[in-house]
Amino acid sequence: MEVLIENILVYGFIFLLCGVVIYLYLRSEKRKTQIVEEKILKAKEEGLHEPISLHPVIDLGTCIGSGACIAACPEKDILGLWNGKATLVNATRCVGHGACFHACPVQAISLCIGTEKRGVDLPHIHPTFETNVPGIFIAGELGGMGLIKNSVEQGKQAMANIAKSVAKNNRITEYDVVIIGAGPAGISASLAAKHHDLRAITLEQDTLGGTVYTFPRAKIVMTSPMDLPLHGKVKLVETNKSQLLKLWEEVLGKHQITIRENSKVDAIFQAEGFFKVHTILGDEYPTKAVLLAIGRRGSPRKLNVPGEDTEKVAYRLLEPENIKGKNVIVVGGGDSAIEAALSLMDENKVILTYRGEAFGRIKPRNSEKIKQAMRENLLQVYFNSNLKVIRADDVVLSTQNQGDLTLKNDMVYIFAGGELPTEFLQKAGIEITKRFGYTMLKHERK
């Protein structure tokens, strides 16, 4: 009898202990869910809950709530656990790293672009990266994959498919492939073309690095390792623009690959069994295949205001440390505009003008920095404002509360985004469709 009572007490204690553990666990999970709910509500209030680029979509039926996706995400508060399942929190700030996609242990995440409400214009691309026009391929940002690691991988894969394609083309041309764009995808494709022993040439409308070249000098541009053709694994998990450009220059130089800079392509003509790639300089390159590795922005979006064509107006900031003692106007409310203003404010008088009521779609780090700069009066910000006129020594700024203001000015930097090169693509015969919630990356279920 005593043994029985002892056993009852032991088992009772064990059940009580288990009950306490379960209670504490459930209370902890409930508190975590409440915190995430509060973050989601705040994100909705600030307009940060709607994805604007490549973003994760979670299959709640498959998700086990491990939190691996949250731990892998290099940004802050993009994902959270809600009722034991992963969910998007500050979806607008997601920049499509894809780290969550690769980290999920049960393959519950797909990477999509566009939402049910907001469509995104995308060219038609097959899994081989070939467009609806046989022989024309697309890799990188233009196809929806804008991050460096993803673009590098796509450039490599696309070139492998091009190598197979041109092997079947008996047409004799000067080039096997013309690569348009020398950003991450174009550089990777150029190296891969050398690996496949293809006669290739790379044309870049600006400078080596493409969009990366326009980043401020110290900006972090890569957050995960990448595999560069002919070079191998690049383990610079956090690096700045200068270091990355230097690496690319060294690898290209080692393999004797030259990028033809300042060679903007204005047309791709189809001939019988080959293409002619034409530049604004009047050069023409006959080729069996074309790889478009250009950005989605195409040409910078202009404000179309008087004086915008003057020399003091620019659409990218290259060397902010060389600009000192100037009255600078920065136009825009995105990360590029914020980062430009922050990099110039120590040595210049900077005014940031933005047509919106508040900065919404910027990275948390930039949000914190610009708010601090505003509190410390390191720069001046005009919301609900538009640049109206640009003159030699000043500008006219139209504001909602103060009317038109005439401000002394030496330099104007415009970061109003860019326009998808739709006309250029359509002239080449490439079809473009507005996609809603289109899946870019999905795990294959076995």
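Placed above this text is the structure.
Everything numeric here is computed off the predicted structure, so don't read it as measured data. (Residues numbered from 1 in each chain as written. Predicted model: local features only at pLDDT ≥ 70, side-chain atom pairs only at ≥ 80, totals over all residues. Heavy atoms only, no water.)

This paragraph deals with the overall build of the protein. When its secondary structure is counted, the protein shows nine helices and 28 strands. Here the protein holds 446 residues, and 46% of them are scored as buried. If you take every contact in the protein between residues at least 6 apart in sequence, the share linking residues at least 24 apart comes to 67%. (Helix = DSSP H or I, 4+ residues; strand = E, 2+ residues; numbered from the N terminus. Buried < 20%, exposed > 50% of the residue type's maximum accessible area, 1.4 Å probe, protein only. Contact = heavy atoms within 4.5 Å.)

As a further point, take the packing of aromatic side chains. Enumeration over the complete set of coordinates arrives at three aromatic pairs. Here the aromatic rings of tyrosine 354 and phenylalanine 359 are separated by 5.7 Å at their centres, their planes lie at 20°, and the arrangement is stacked. One aromatic cluster in this structure is built from Tyr354, Phe359 and Phe383. (Phe/Tyr/Trp six-rings, centres within 6.5 Å; stacked < 30°, edge-to-face > 60°.)

This brings us to the packing of helix α4 (residues 148–167) against helix α5 (residues 184–195). Direction vectors running N to C along α4 and α5 enclose 35°, while the axes themselves pass 7 Å from each other. Like other packed secondary-structure pairs, α4 and α5 cross with a definite hand, here right-handed. Contacts between α4 and α5 involve Ile148, Ser151, Val152, Gly155, Lys156 and Met159 on the former and, on the latter, Pro184, Ala185, Ser188, Ala189, Ala192 and Ala193. Within the contact of α4 with α5, the residues separate by chemical class into eight nonpolar, three polar and one charged. (Axes fitted to C-alpha atoms, helices over the stretch in contact; angles between N-to-C directions. Left-handed = near helix turned anticlockwise from the far one by under 90°. Nonpolar A, V, L, I, M, F, W, Y, C, P; charged D, E, K, R; others polar.)

Applying the stated criterion across every chain yields a total of eight salt bridges. One salt bridge connects lysine 288 with aspartate 176, and the closest N-O pair in it is separated by 3.7 Å. A residue pair is termed long-range when its members are at least 10 positions apart, and lysine 288 in strand β16 (residues 284–292) and aspartate 176 in strand β7 (residues 175–180) qualify at 112 residues. Overall, lysine 288 belongs to the buried group, its relative accessible area being 13%. Put simply, aspartate 394 and arginine 391 hold a salt bridge, and the shortest N to O gap is 2.8 Å. For aspartate 394, a relative accessible area of 19% gives the class buried. Given a relative accessible area of 38%, arginine 391 falls into the partly exposed group. Where salt bridges share partners, they join Glu153, Lys156 and Asp227 into one cluster. (Salt bridge = Lys/Arg side-chain N within 4 Å of Asp/Glu carboxyl O.)

With that settled, consider the state of the cysteines. Under the definition given, this model contains zero disulfides. Not part of a disulfide, cysteine 73 finds its nearest cysteine sulfur in cysteine 100, a span of 6.5 Å. Since its relative accessible area comes to 17%, cysteine 73 is described here as buried. Distance from the sulfur of cysteine 104, which forms no disulfide, to the nearest cysteine sulfur (cysteine 63) is 6.5 Å. Using a relative accessible area of 14% as the deciding quantity, one classes cysteine 104 as buried. (Disulfide = S-S within 2.5 Å.)

Let us look at helix α7 (residues 335–344). Most of α7 is tucked away: eight of the ten residues are buried. Burial in α7 covers these residues: Asp335, Ala337, Ile338, Glu339, Ala340, Ala341, Leu342 and Leu344. Buried-residue contacts for α7 involve β19 (327–331), β20 (349–353), α8 (364–375) and β25 (411–414).

Let's shift gears to the environment of alanine 158. Position of alanine 158 relative to the elements: it lies in helix α4. Counting along the chain gives 19 residues from alanine 158 to alanine 139, while the straight-line C-alpha distance between them is 6.6 Å. Other than its neighbours up to four places away in sequence, alanine 158 contacts Thr128, Phe129, Ala139 and Leu291.

So, on to the sheet that holds β25. In sheet architecture, strand pairing relies on hydrogen bonds along the backbone and comes in two forms, parallel and antiparallel. The strand order β18-β25-β19-β20-β21 describes an open sheet built from five strands, whose pairing is parallel. Looking at strand neighbours, the two that pair on one side only are β18 (313–314) and β21 (380–382), the edges of this open sheet. Of the strand pairs in this sheet, β19 and β25 are connected by four bridges, and their pairing is parallel. For valine 328, the partnering residue across the bridge sits in β25 and is methionine 411. (Pairing = 2+ DSSP bridges.)

Quick look at the environment of proline 225 now. In this structure, proline 225 sits in the loop between β9 (220–222) and β10 (226–228). A relative accessible area of 30% places proline 225 in the partly exposed class. Separated by 77 residues in sequence, proline 225 and isoleucine 148 place their C-alpha atoms 9.6 Å apart.

Turning our attention to the sheet that holds strand β24 (residues 403–408). As summarised here, the arrangement of the three strands in space is β22-β23-β24, forming an open sheet in which the pairing is antiparallel. A strand with exactly one partner marks an edge of an open sheet, and here the two such strands are β22 (385–390) and β24. Here the average twist between neighbouring strands, direction ignored, is 30°. Sheet analysis places β22 next to strand β23 (residues 394–399), joined by five bridges and oriented antiparallel. Each residue of the ladder has a partner; that of asparagine 386, found in β23, is serine 398.

This brings us to helix α6 (residues 241–254). Over its 14 residues, α6 runs 20 Å from end to end, which matches the ideal 20 Å to within 8%, given 1.5 Å per residue. Where α6 is concerned, the buried positions are Lys241, Leu244, Leu245, Leu247, Trp248, Val251 and Leu252. With its buried residues spanning 155° around the axis, α6 presents them on a single face. Opposite its buried face, α6 presents the exposed residues Lys246 and Lys254, each directed more than 90 degrees away. Glutamine 256 sits one or two positions beyond α6 and adopts a positive phi of about 55°. (Expected span 1.5 Å × (residues − 1). Arc of directions from axis to C-beta.)

Turning our eyes to something else, we now look at the side chain of threonine 287. Within the secondary structure layout, threonine 287 lies in strand β16. Given a relative accessible area of 0%, threonine 287 falls into the buried group. Engagement of the side chain of threonine 287 in a polar contact is seen with the backbone nitrogen of valine 177, the distance being 3.3 Å. Among the polar contacts made by the side chain of threonine 287, one reaches the main-chain amide nitrogen of valine 178 at a distance of 3.4 Å. Residues contacting threonine 287, with those up to four places away along its chain left out, are Thr173, Tyr175, Asp176, Val177, Val178, Phe274, Phe275 and Val277. (Polar contact = N/O pair within 3.5 Å; in protein donor to acceptor, adjacent residues only side chain to side chain.)

These figures come from the coordinates and say nothing about function on their own.
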